[in-house]
There are 2 protein chains.
Amino acid sequence: MPTNRQFLLDSRPQGAASAANFKLVTGETPPLQEGQVLVRHHYLSLDPYMRGRMDDAKNYAAPQPLGQVMQGGTVGEVVESRSPRFQAGDKVLGQGGWQEYSVVDAEQKGALRKVDTSQVPLSYYLGAVGMPGVTAWYGLEKIIRPQAGKTVVVSAAAGAVGSAFGALAKARGCRAVGIAGGPDKCRYVVDDLGFDACLDYKQHPDAGSLSKALKQACPDGVDGYFENVGGMVMDAVMLRMNPFGRIAVCGMIAGYDGRPVPMTYPQLILRSRLTVEGFIVGEHMEVWPQALQELADLVAAGKLRPRESIAQGIESAPEAFLGLLHGRNFGKQLVKLV
Amino acid sequence: MPTNRQFLLDSRPQGAASAANFKLVTGETPPLQEGQVLVRHHYLSLDPYMRGRMDDAKNYAAPQPLGQVMQGGTVGEVVESRSPRFQAGDKVLGQGGWQEYSVVDAEQKGALRKVDTSQVPLSYYLGAVGMPGVTAWYGLEKIIRPQAGKTVVVSAAAGAVGSAFGALAKARGCRAVGIAGGPDKCRYVVDDLGFDACLDYKQHPDAGSLSKALKQACPDGVDGYFENVGGMVMDAVMLRMNPFGRIAVCGMIAGYDGRPVPMTYPQLILRSRLTVEGFIVGEHMEVWPQALQELADLVAAGKLRPRESIAQGIESAPEAFLGLLHGRNFGKQLVKLV
């Protein structure tokens with residue numbers, strides 16, 4: 001049995017998360033039982049939602065238990081199988097967690113899914129053609145519901161969700177405007193992702209300043225907004241929302257790692273008759289097949305070219321995760337485990 | 001021609017509104033042209049939305065022009081008519097403004113409506129069976145969309161909108177919980193309006209404390225919330241919202257008269273997958289006939305017994321309006337002009 005290195009949640013953060021919250025342990029993978037498969041992980045996905053699960057607070061998902069392997073999405077290869085549904089060499093997507101190998105009950109519905117890597121690179125199933133991509137699809141299609149010609153905005157535009165959002169919005173004939181941190185990300189958002197414009201929030205000391213820049217980038221106002229960030233960026237966009245604008249709330253990373261960040265102008269919900277709706281993509285499994293198909297088609301057509309930040313080796317996972325929380329990633333954050 | 005006293009908007013508030021913003025003038029009503037009627041106002045409606053129009057800010061309605069008669073809903077009696085559609089003695093609802101008489105172009109659609117006072121007292125057409133009642137109806141029926149057995153909460157529960165909301169919610173089999181200011185209002189909300197419970201926000205120093213009390217009053221959590229107030233009260237209710245809860249934003253009076261009041265926990269929109277929707281009832285005229293019919297039926301059946309705060313004489317309008325902004329009214333705020 002191969003040696004397996006894994007990260008456990010060792011303690012819950014007091015305020016900001018730190019590397020000390022995680023503990024690296026080494027063990028052997030257990031022998032397979034009937035119906036199980038052994039998966040060697042090629043990539044681990046790091047996602048902002050993981051920060052919420054580190055707390056013991058009321059949340060939409062159960063907290064990550066202390067002393068257990070950190071949960072997370074993985075792609076990899078079946079190396080041994082005692083299930084008729086999988087064989088060695090199969091490329092698979094699963095919830096393997098922060099470790100190099102996992103033993104999976106292959107009969108459990110949704111635990112493991114074979115993926116086709118002929119058109120779509122394996123790692124993309126954790127990003128553009130995976131949960132983040134479907135997240136963008138749901139927020140755009142089911143909450144914002146844009147018409148061609150309307151203006152939609154997304155924060156964290158260079159990230160896994162934001163980049164998919166841009167491609168999907170352009171495919172619907174919208175004006176797509178991104179917000180990202182730093183000139184490199186903004187250039188990438190426009191040049192590689194095909195957004196119509198991108199604003200660097202780091203150039204703006206406050207919501208008023210960013211809002212003024214948004215007015216230039218969105219001359220017809222903002223009809224739909226996909227929220228990944230919260231705080232000052234959300235305040236700035238809300239000031240530019242058109243009447244009957246729609247906001248899909250997917251994340252508020254600005255407030256994940258410490259004190260909650262308020263919404264400064266809630267009265268705009270009334271004045272502009274906005275609809276603001278929070279959602280969790282895992283609660284809408286019915287849309288996944290349709291969404292994944294569209295995302296895979298966009299990738300195959302070269303219309304969605306996601307970028308990845310790849311950390312090497314399981315030992316790099318905590319620092320890569322903390323970097324993600326502070327926007328130091330550039331595109332989908334992964335850990336390469338092979 | 002009768003003498004007409006009227007209040008003009010004389011200046012815009014700097015921060016809080018004050019009596020000095022209004023100016024009382026006296027004149028004669030002009031002679032009627034063909035198609036016009038002269039209405040003697042019996043009651044003027046005072047409503048929180050008027051505060052927003054006093055500012056020159058971007059808003060959903062055009063600002064109240066300086067130097068012109070303050071706009072507002074009125075009920076009264078036709079005293080002279082040069083229109084075939086009305087005759088002296090008709091009881092009518094209109095937008096007569098802060099004055100004792102108005103001259104109305106009777107042919108203009110929606111300018112004047114005859115009302116039936118055989119079952120419903122004339123003043124109710126400015127409250128429970130008028131705009132505030134339809135406001136409650138729209139938020140409950142079209143945004144909150146409650147099922148029987150669910151828990152709905154309304155702030156400013158003793159007010160014109162809140163009292164109608166309670167009757168409508170009970171008619172739908174919901175648990176109705178109010179929030180109001182002071183023990184007298186809370187008693188009235190439960191004893192006279194038929195709410196299941198009412199909380200006095202003045203007994204609570206902060207949102208955490210009010211939220212704890214809400215947990216008692218709403219043992220199954222809160223499924224729908226009708227927001228009239230904003231600020232600390234909204235924060236407290238948001239902490240108790242069930243997953244997929246729905247919030248209708250009708251008003252945020254806490255922030256009308258000075259600095260905007262933030263929403264402290266916007267991350268709850270995500271965590272609890274809430275939908276928060278602002279609306280203006282005047283943009284949904286299609287629901288008015290159905291809503292008014294249900295409200296009139298509830299009044300006739302004794303199931304909606306609205307209370308009124310009646311100030312006497314046009315000269316009392318400014319102080320009554322400022323009192324409304326600070327919750328000093330008890331039920332629908334009117335000015336009696338006859």
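Residues numbered from 1 in each chain as written. Chains lettered and ligands numbered in written order. Predicted model: local features only at pLDDT ≥ 70, side-chain atom pairs only at ≥ 80, totals over all residues.

Chemist: Which parts of the structure should I look at to understand the nonpolar core?
Modeler: Looking at soluble globular proteins, one finds that nonpolar side chains tend to be buried together. Counting 225 residues, the largest nonpolar core has A:Leu295 and B:Leu295 as its most contacted members. Look past the residues within four positions of B:Leu295 in its chain and what remains in contact with it is B:Ala128, B:Val129, B:Gly133, B:Trp137, B:Ala164 and B:Leu304. (Core = buried A, V, L, I, M, F, W, Y, C linked by C-beta atoms within 7 Å. Buried ≥ 20, exposed ≤ 12 C-beta atoms within 10 Å, placed from the backbone. Contact = placed C-beta atoms within 7 Å.)

Chemist: Just to check I follow, could you spell out the packing of helix 2 (residues 131-144) of chain A against helix 3 (residues 160-171) of chain A for this structure?
Modeler: Two packed helices can be described by the angle between their axes and the distance between those axes. Residues and elements named next belong to chain A. Viewed as axis vectors pointing N to C, helix 2 and helix 3 meet at an angle of 50 degrees, and their least axial separation amounts to 8 Å. As summarised for this structure, helix 2 and helix 3 are arranged oblique, according to the angle between their axes. As helix 2 packs across helix 3, the resulting crossing turns out to be right-handed. Across the interface between the two elements, Pro132, Gly133, Thr135, Ala136, Trp137 and Leu140 from helix 2 touch Ala160, Val161, Ala164, Phe165, Leu168 and Ala169 from helix 3. (Axes fitted to C-alpha atoms, helices over the stretch in contact; angles between N-to-C directions. Helix = DSSP H or I, 4+ residues; strand = E, 2+ residues; numbered from the N terminus. Parallel < 35°, antiparallel > 145°, perpendicular 65-115°, else oblique. Left-handed = near helix turned anticlockwise from the far one by under 90°.)

Chemist: What exactly am I supposed to notice about the sheet that holds strand 11 (residues 222-227) of chain A here?
Modeler: The strands that make up a sheet are held in pairs by hydrogen bonds between backbone atoms, and each pair lies either parallel or antiparallel. If you walk across this open sheet you meet the twelve strands as 10(A)-9(A)-8(A)-11(A)-12(A)-13(A)-13(B)-12(B)-11(B)-8(B)-9(B)-10(B), and the pairing is mixed. For this open sheet the edge positions go to strand 10 (197-200) of chain A together with strand 10 (197-200) of chain B, each flanked by a neighbour on one side alone. The average undirected angle you get between the axes of adjacent strands in this sheet is 15 degrees. The sheet contacts of helix 3 of chain A involve strand 8 (151-155), strand 9 (175-180) and strand 11 of chain A, and relative to strand 9 of chain A the element is tilted by about 165 degrees. In this fold helix 4 (residues 183-191) of chain A packs onto strand 9 and strand 10 of chain A, with an angle of close to 170 degrees to the strand it touches most, strand 10 of chain A. (Pairing = 2+ DSSP bridges.)

Chemist: How do you make sense of the interface of chain B and chain A when you look at a structure like this?
Modeler: Interface size is commonly expressed as the accessible surface area that is lost when the partners come together. Residue-level contacts link 26 residues of chain B with 26 residues of chain A. For the side of chain B that touches chain A, the secondary structure elements donating two or more residues are helix 7 (267-271) and strand 13 (275-278) of chain B. For the side of chain B that touches chain A, the class distribution of residues is 14 nonpolar, nine polar and three charged. Across three bridges, strand 13 (residues 275-278) of chain A lies against strand 13 of chain B in antiparallel orientation. The partner of A:Thr275 across the bridge, within strand 13 of chain B, is B:Glu277. (Nonpolar A, V, L, I, M, F, W, Y, C, P; charged D, E, K, R; others polar.)

Chemist: Honestly, the relation of the copies chain B and chain A in this entry has me stumped. Any pointers?
Modeler: Relative to chain A, chain B is turned by 180 degrees and slid 0.0 Å along the rotation axis, the superposed coordinates differing by an RMSD of 0.0 Å. Interpreted geometrically, this transformation is the action of a two-fold axis. Most of the interface of chain B is mirrored in chain A, where 100% of its interface residues again form contacts. (Least-squares fit on C-alpha atoms with pLDDT ≥ 70 in both.)

Chemist: Is there a simple way to think about the environment of B:Phe195 in this case?
Modeler: Residues and elements named next belong to chain B. Mapped onto the elements, Phe195 comes out in the loop between helix 4 (183-191) and strand 10. In this structure Phe195 comes out as buried when scored by C-beta crowding, with 28 C-beta atoms within 10 Å. For the pair Phe195 and Tyr101, spaced 94 residues apart in sequence, the C-alpha to C-alpha distance is 38 Å. When residues no more than four places from it in sequence are discounted, the contact partners of Phe195 are Ala157, Gly166, Ala176, Val177, Gly178, Val189 and Val190.

Chemist: How do you make sense of helix 8 (residues 288-300) of chain A when you look at a structure like this?
Modeler: For an α-helix, the turn length of 3.6 residues means that residues three or four places apart are oriented alike. All names here are of chain A. With 13 residues, helix 8 ought to run about 18 Å at 1.5 Å a step, and its terminal C-alpha atoms sit 18 Å apart, in line with that. Regarding helix 8, the residues found buried are Ala291, Leu292, Glu294, Leu295, Ala296, Leu298 and Val299. Looking at the packing, one finds that the buried side of helix 8 touches helix 2 and helix 3. Of the residues one or two after helix 8, Gly302 is the one with positive phi, at around 75 degrees. (Expected span 1.5 Å × (residues − 1).)

Chemist: Would you explain unusual backbone geometry in this entry?
Modeler: Residues apart from glycine generally show negative phi values, whereas peptide bonds are mostly found in trans. Residues and elements named next belong to chain A. The backbone of Phe244 shows a phi angle near 65 degrees, a positive value even though the residue is not glycine. Non-glycine residue Arg273 carries a positive phi angle of around 50 degrees. Locating Arg273 in the fold gives a position in the loop between helix 7 (267-271) and strand 13.

Chemist: Got a minute to help me understand the confidence of the model for chain A in this structure?
Modeler: Atomic detail in the predicted coordinates should be set aside for any region of low pLDDT. This prediction gives chain A a mean pLDDT of 95; 99% of its residues lie at or above 70. Interface scoring of the predicted complex returns ipTM 0.91; its pTM is 0.92. (pLDDT = per-residue confidence, 0-100.)

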